[in-house]
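# An overview of the molecular structure
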Amino acid sequence: MADKHMYDNGSQRRILDAIQALAGHELHGLAPKDLAEHLRVGASTITRDLHNLVTAGFAEQIAETGRYRLGPGLVRIAIAHATAMERAQQ
């Protein structure tokens, strides 16, 4: 693993890791407890992280189950990226 860089930030890295963990669980989502265990953080930390992801549109809570999945904001970014790359190749 690379040496720690002066710009490394654990909180920001954890949010990015949460996004990666949610990827692939779009249909059923992940329970906060499962996400917290995966990221090795406590309940209050994952609650705060999920709140920020939801606020940014990067995650959404499934009303029927209380689980979380990637949100439309992140999907829009992915589609815009794919579209731009496709245009660049043409």
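Residues numbered from 1 in each chain as written. Predicted model: local features only at pLDDT ≥ 70, side-chain atom pairs only at ≥ 80, totals over all residues. Heavy atoms only, no water.

## Some details on the overall build of the chain
- When its secondary structure is counted, the chain shows four helices and two strands.
- The helix and strand sequence of the chain, counted from the amino end, reads α-α-α-β-β-α.
- Dimensions of the chain, computed from C-alpha atoms along their principal axes, come out at roughly 45 × 45 × 20 Å.
- The contacts in the chain between residues at least 6 apart in sequence include a share of 45% that link residues at least 24 apart.
- When the accessible surface of the chain is totalled, it reaches about 6,700 Å², and 56% of it is carbon and sulfur.
- A distance of 3 Å separates the average location of the 10 positive side-chain charges in the chain from that of its 10 negative side-chain charges. (Helix = DSSP H or I, 4+ residues; strand = E, 2+ residues; numbered from the N terminus. Contact = heavy atoms within 4.5 Å. Areas by Shrake-Rupley, 256 points an atom, 1.4 Å probe, with all protein chains shown as cover. Lys, Arg positive; Asp, Glu negative; His and termini not counted. Charge placed at Lys NZ, Arg CZ, Asp CG, Glu CD.)

## Focus on the packing of helix H1 (residues 10–22) against helix H3 (residues 43–55)
- Between H1 and H3, whose axes approach to 10 Å, the crossing angle comes to 75°. One way to sum up the angle between H1 and H3 is to call them roughly perpendicular. For the pair H1 and H3, the contacting residues are Arg14, Ile15, Ala18 and Ile19 in the first and Thr45, Arg48, Asp49 and Leu53 in the second.
- Here the residues of the contact of H1 with H3 sort into four nonpolar, one polar and three charged. (Axes fitted to C-alpha atoms, helices over the stretch in contact; angles between N-to-C directions. Parallel < 35°, antiparallel > 145°, perpendicular 65-115°, else oblique. Nonpolar A, V, L, I, M, F, W, Y, C, P; charged D, E, K, R; others polar.)

## A short note on the pattern of salt bridges
- Enumeration over the complete set of coordinates arrives at four salt bridges.
- Between aspartate 17 and arginine 13 there is a salt bridge, with its nearest N and O atoms 2.9 Å apart. One end of the pair is aspartate 17 and the other is arginine 13, both in helix H1 and four residues apart, which spans about a single turn.
- Taking relative accessible area as the criterion, aspartate 17 reaches 25% and is therefore assigned partly exposed.
- Since its relative accessible area comes to 43%, arginine 13 is described here as partly exposed.
- Across the salt bridge formed by lysine 33 and glutamate 37, the nearest N and O atoms sit 3.1 Å from each other. Separated by four residues within a single helix, lysine 33 and glutamate 37 lie in helix H2 (residues 32–39), roughly one turn from each other. (Salt bridge = Lys/Arg side-chain N within 4 Å of Asp/Glu carboxyl O. Buried < 20%, exposed > 50% of the residue type's maximum accessible area, 1.4 Å probe, protein only.)

## Concerning H2
- The set of residues buried in H2 consists of Leu35, Ala36 and Leu39. For H2, the angular spread of the buried residues around the axis is 100°, confining them to a single face. Turned more than 90 degrees from where H2 packs its buried face, Lys33 and His38 sit exposed.
- Of the residues one or two after H2, arginine 40 is the one with positive phi, at around 60°. (Arc of directions from axis to C-beta.)

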